[in-house]
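Reading the structure
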Amino acid sequence: PDGSVVLFGPQNLIAGIDTAGAGRFDVGPPRDDAGIRDYGSYAMFDVGKILVAGGGDSLDTAVVIDTATRQSADTGRLNVGRRQHNLTLLADGSVLVSGGNDDGSELVSTEGAVHTPEIWNPATGAFTVVNPMSADRQYHSVALLLADGRVLSAGGGICGRCYDIGYEERNGAVFTPPYLYADDATLAPRPTLSGVPGEARYGARLALRTGAGTRIERAHLIKLGSVTHSQNQDQRLVPLETAQRGETLTLEMPRSRDVAPPGHYLLFVVDADGVPSVGAVVKLGQP
């Protein structure tokens, strides 16, 4: 968010890249004590805060990197160590961990496919196991947040080893996070949001409408992503300042293109029960 560039993997260091002039590579402190986290995954879940989990020899450790200080801190441990998995920001600000293998296989494992997703809570640092998937999601698999708050999990395969063992998942599935359900297992009522413009300038204030009697606890932008090799190249969550008066909700867009690079985002609001709205696509800033 200060406009600099940070490198934090797969090698075990946190380094800065100065893009001025001929450029400079500034080696910083070790990221953690995990060694190389190749085919681990990461998610920028808050401004300048990055969750890094798994990778290497199917590690079960995770850290949070603070880009302002170039330091990291341990967070909770994965219930299942894994590599070749994906981390996906969810509509309520938590992070889904899906797929991968638990035996350190470089590309794909015949015995160690992990079918158990987990959800990381940024408030507590805990990883919680959720309902299992039915298909192997290892090398070249994808996991993308959908506008309705669910996650598309698909693919897997396309490598020499994959061809040798016949691993090629030409299919997809949709994961429904627990936040879309009420305690009685029916779908929870969702907050609504209307009047969202298709485009917004930096620093703009948006006056939107919510449903009667709905209390909005928070709002954020989640940038549309693009996934390959366990990395979602552009996903990030940007919290928004909010003010609510009756059914009118005022949101203030980010002021900095470093905090929120120009492009398309999903705008979500989350109610007092932790249930997110359907996301609205907003084009932020100028190209």
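These numbers come from a predicted model, not from an experiment.

Right, let's get into the pairing of strand 2 (residues 15-18). Bridge count for strand 1 (residues 5-7) against strand 2 is three bridges, and the pairing is antiparallel. The residue of strand 2 that forms the bridge with Val 6 is Gly 16. In this structure, strand 2 lies alongside strand 3 (residues 24-27), joined through four bridges in antiparallel fashion. For Ile 17, the partnering residue across the bridge sits in strand 3 and is Phe 25. If you look at the hairpin formed by strand 2 and strand 3, you'll find five residues sitting between the two strands, and Gly 21 has a positive phi there, around 55 degrees.

Moving on to the sheet that holds strand 5 (residues 49-53). If you trace the four strands from one edge of the open sheet to the other, you get 4-5-6-7, paired in antiparallel fashion. Each of the sheet's edge strands pairs with one partner strand only, and the pair in question is strand 4 (41-46) and strand 7 (71-74). Within this sheet the neighbouring strands show an average axis-to-axis angle of 25 degrees, counted without direction. Where strand 6 (residues 62-66) lies against strand 7, four bridges are found, and the strand directions are antiparallel. Considered in strand 7, the bridge of Ile 65 is made with Ser 72.

Its location among the elements puts Arg 83 in strand 8 (residues 83-89). Polar contacts involving the side chain of Arg 83 include one to the side chain of Asp 38, which spans 3.3 Å. The contact partners of Arg 83, leaving out residues within four places of it in the chain, are Asp 38, Tyr 39, Gly 55, Gly 56, Ser 58, Gly 100, Asn 101, Gly 104, Ser 105 and Glu 106.

To continue, consider the packing of aromatic side chains. All chains considered together, the criterion is met by four aromatic pairs. Ring geometry for Phe 8 against Tyr 42: centres 5.4 Å apart, planes inclined by 80 degrees, an arrangement best described as edge-to-face. Here Phe 8 is found in the loop between strand 1 and strand 2, whereas its partner Tyr 42 is found in strand 4, with 34 residues between them in sequence. Assigned by exposure class, Phe 8 and Tyr 42 land together as buried.

One way to say it: the disulfide is the covalent bond shared by the sulfur atoms of two cysteines. Overall, the coordinates contain one disulfide when judged by the stated rule. In this model, Cys 159 is linked to Cys 162 through a disulfide, with the two sulfur atoms separated by 2.0 Å. Between Cys 159 and Cys 162, the S-S dihedral sits near 90 degrees, and the bridge is therefore right-handed. Across the pair, exposure class does not vary: Cys 159 and Cys 162 are buried alike.

This paragraph deals with the nonpolar core. With 28 residues, the main nonpolar core has Leu 51 and Val 95 as its most contacted residues. Ranked by residue count, the leading element in this core is strand 9 (residues 95-101), at three residues. Those residues in contact with Leu 51, other than ones at most four positions away along the chain, are Ser 41, Tyr 42, Ala 43, Phe 45, Ala 62, Val 63, Val 64, Thr 75, Leu 87, Val 95, Trp 120 and Phe 127. One finds Ala 204, Leu 251, Ala 260 and Leu 284 within the second-largest nonpolar core, a separate group that totals 20 residues.

Below, the discussion takes up the environment of Thr 67. One can find Thr 67 in the loop between strand 6 and strand 7. In the structure, Thr 67 is positioned 65 residues away from Asp 2 in sequence and 8.8 Å away in space, judged by C-alpha atoms. In contact with Thr 67, not counting residues within four places along its chain, are Pro 1, Gly 48 and Ile 50.

Turning our attention to the pattern of salt bridges. In total, this model carries 13 salt bridges according to the counting rule given. Between Asp 32 and Arg 31 there is a salt bridge whose closest N-O contact spans 2.8 Å. For Asp 32, a relative accessible area of 12% corresponds to the buried category. With a shortest N-O distance of 2.8 Å, Asp 60 and Arg 77 are connected by a salt bridge. Here Asp 60 is found in the loop between strand 5 and strand 6, whereas its partner Arg 77 is found in the loop between strand 7 and strand 8, with 17 residues between them in sequence.

Rules used in this analysis
- Residues numbered from 1 in each chain as written.
- Predicted model: local features only at pLDDT ≥ 70, side-chain atom pairs only at ≥ 80, totals over all residues.
- Heavy atoms only, no water.
- Pairing = 2+ DSSP bridges.
- Helix = DSSP H or I, 4+ residues; strand = E, 2+ residues; numbered from the N terminus.
- Axes fitted to C-alpha atoms, helices over the stretch in contact; angles between N-to-C directions.
- Polar contact = N/O pair within 3.5 Å; in protein donor to acceptor, adjacent residues only side chain to side chain.
- Contact = heavy atoms within 4.5 Å.
- Phe/Tyr/Trp six-rings, centres within 6.5 Å; stacked < 30°, edge-to-face > 60°.
- Buried < 20%, exposed > 50% of the residue type's maximum accessible area, 1.4 Å probe, protein only.
- Disulfide = S-S within 2.5 Å.
- Core = buried A, V, L, I, M, F, W, Y, C linked by side-chain atoms within 4.5 Å.
- Salt bridge = Lys/Arg side-chain N within 4 Å of Asp/Glu carboxyl O.

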